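# Survey of secondary and tertiary structure
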Amino acid sequence: MNMKRIRTNLLILMTTVATSSLAATGIHFEVSFKEPQAHYAEIKMEISGLRKDYIDVKMPVWTPGSYLVREYSRHVESVEACGTDGAAIAYEKINKNTWRVASAKNDHIVVTYRIYGFEVSVRTNFIDDTHAFLSPAATFMYVDGMIDHPVDVTVIPHPSWSKISTGLEPVPGKPNTYHAADFDVLFDSPIEVGNQDVFTFTATGVHHEIAMVGGGNYDKERLQSDCAAIVEEATNIFGSNPNKRYVFIVHNYQSGGGGLEHFNSTVLGASRNGYQNERSYVGFLGLVAHEYFHLWHVKRLRPIELGPFDYDAENYTSLLWIMEGFTAYFDNLILRRCGFLNEGSYLQALANDINTVENRAGNQIQSVAQASFDAWIKYYRPDENSANTSVSYYNKGALLAMMLDLKILAATGGQKRLDDVLKTAYETFYIQKKRGFEVHEFQALVEGIAGVAVDDIFRAAHTVGTLDYNQYLNAAGYELVDYNEGRELPDLGVTTAAQDGRLTVTGVQRGTGAWDGGINVRDEIIAINGERLDANGKELNRIVQAASVGDELHVLVARDGKVRELRVRLKKDTKGAFNIVPLQNPTPEQKKLGEIWLSLH
Ligand SMILES: [Zn+2]
């Protein structure tokens, strides 16, 4: 559905109803849990004061921040509607996510339904006998054309649960009841109900709650102080913190990850027993920094296409490389500024991004602007060929952010950097203009701060292929080196995994010997040159490494119950082994910019 139409409809509605009795129009939800062990929640939606011939109630098909149509309505069942007198009202399902309720000018309509939730992720419902995580877009229906309407939600926890954690505003005097100014706010406010471990801290004057679900070996005091440091660093970048209250909902699993940003909260996945492992802990802090940074960058400072949202279909933007890529650049930079990463580890993290991007065949096929636009059908729907056809707007976007940061530092003699761009953009578009930005406006703002043209970076976002990192790194006294340069290493071009005791091909890289010779994903590689291989790939690696570029291998594979022998000619490994190292003899200016770039705060 077209958003302009929704807004127009709403205006008409407001005008018509204002003359009758809009003041009485209200929408209220009640959520309860009769059978949490079977992963169900009961939803009651009361709509009063509308008095229309019919009402279309709808379930969103996606949730902002996670760019995939998830068809949340597939988990809705037992929909019923009744009127003021309690008598059933007929409804008709008119498409996959719309129920047309024959309200016949009834003043008070109650729609009830059940939702099933058993998918572990930060953007789907999960309900069991220990807790319920409600992803609001997967839980609450809205009245078509009334996204802007205020709404209250009452949560009735299962008797064995005692706590509710959410960024929604509690309604004074009404226990377990929360208010959202409109459905955009509701859909942006996940709700955790259970017996989570809740602790708080205050940073930059904002009250923060951490709700730990699922237990874990975390150190509360350390988490409080480390998260406070991240909050302060992120707030420093944008100049002010717009929230009064912020909630971290952390889902601890045996092995977990991922996060989703919201206006005044976030949902994070973590490994329950990873907190005492330094590497894993710093990884978790990186996730905290990433999602927290988003409360400005994407939730408030945003491209014009990302809000108001159409909850009925894909919302396209070519700028996820700015929204996700810049966030991915700043998450590690914040860790560096807090001292959680030393200079070497920070540079290593950047080099890892470069290795990931430059060694991926898809970097020659898809630009980050295209990757952003097609996130809905590519990034969020990966398959065995994704590495050959796509690039990540996270990694490559972060590298473009690094280049832009270094370019601004160099052009201004270290007086300005990417922080200044984001702070100014936040003030200009979110606070003053109260709207999203067009890409040309964003580029003009960058150029105003840098004092030089930056079309090289914006062009690179629309171009495929290798980036010229050294042009930017050199200004700060660093260079990118490729330890594989000049080496003639043979490469077969497959990735494999041991599956059911078999050496199974999981990926074939474009342009390699395996690609040319017809090795397929899902092939079991049985033998090479008459030598039987083991399932874990050690023998395969030994044979390839002992061979030379140009050698022909006889590869015996099993495919769909038949055995075939393929002839595969080994090619030179084109993958780089990239590292960022200091220049041998930096000038004082290069040294100065490098220190500013990586300085602790
Ligand atoms: Zn993100």
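Keep in mind that this is a model prediction, so the values were computed, not measured. (Residues numbered from 1 in each chain as written. Predicted model: local features only at pLDDT ≥ 70, side-chain atom pairs only at ≥ 80, totals over all residues. Heavy atoms only, no water.)

## Examining helix α3 (residues 220-238)
Residues that lie three or four places apart on an α-helix share one face, since the helix turns once every 3.6 residues. A rise of 1.5 Å per residue sets the reference length of α3, with its 19 residues, at 27 Å; its end C-alpha atoms lie 27 Å apart and thus fit the reference within 8%. Turning to α3, its buried residues are Leu-223, Gln-224, Asp-226, Cys-227, Ala-228, Ile-230, Val-231, Glu-233, Ala-234, Thr-235, Ile-237 and Phe-238. Check the buried side of α3 and you find it contacts β16 (197-203), β17 (206-213), α4 (278-293), α6 (325-338) and α11 (418-433). A side-chain oxygen of the first residue of α3 lies 3.1 Å from the backbone nitrogen of Glu-221; this N-cap is Asp-219. Gly-239 sits one or two residues past α3 and shows a positive phi near 95°. (Helix = DSSP H or I, 4+ residues; strand = E, 2+ residues; numbered from the N terminus. Expected span 1.5 Å × (residues − 1). Buried < 20%, exposed > 50% of the residue type's maximum accessible area, 1.4 Å probe, protein only. Contact = heavy atoms within 4.5 Å. Polar contact = N/O pair within 3.5 Å; in protein donor to acceptor, adjacent residues only side chain to side chain.)

## Some remarks on the layout of surface pockets
One simple way to see leftover space: roll a probe sized like a water molecule over the atoms. Approximately 830 Å³ is the volume found for the largest pocket. As for the largest pocket, its lining consists of 35 residues, and the residues nearest its centre are Asp-184, Val-185, Asp-188, Phe-263 and Lys-299. For the lining of the largest pocket, the secondary structure elements donating two or more residues are β14 (177-180), α2 (183-187) and α11. The element best represented in the lining of the largest pocket is α2, accounting for three residues. Looking at the lining of the largest pocket, its residues break down into 16 nonpolar, seven polar and 12 charged. Every residue lining the second largest pocket is counted, 18 residues in all, and those nearest its centre are Gly-283, Asp-331, Asn-332, Ala-349 and Asn-352. Looking at the lining of the second largest pocket, the elements that each hand over two or more residues are α4, α6 and α7 (343-358). Here the residues of the lining of the second largest pocket sort into seven nonpolar, eight polar and three charged. (1 Å grid on protein atoms, 1.4 Å probe; cavity = no way out; pocket = protein on both sides within 12 Å on 5 of 7 lines; lining within 4 Å. Points joined across faces, edges and corners; volume = space filled by probe spheres on them. Nonpolar A, V, L, I, M, F, W, Y, C, P; charged D, E, K, R; others polar.)

## Section: the environment of Ser-121
By the secondary structure assignment, Ser-121 is in the loop between β7 (108-116) and β8 (126-127). Residue classification places Ser-121 among the buried residues on the basis of a relative accessible area of 12%. The spatial distance from the C-alpha of Ser-121 to the C-alpha of His-251 is 8.9 Å, given a sequence separation of 130 residues. Looking at Ser-121, its side chain comes within polar contact range of the main-chain nitrogen of Arg-123, at 3.0 Å.

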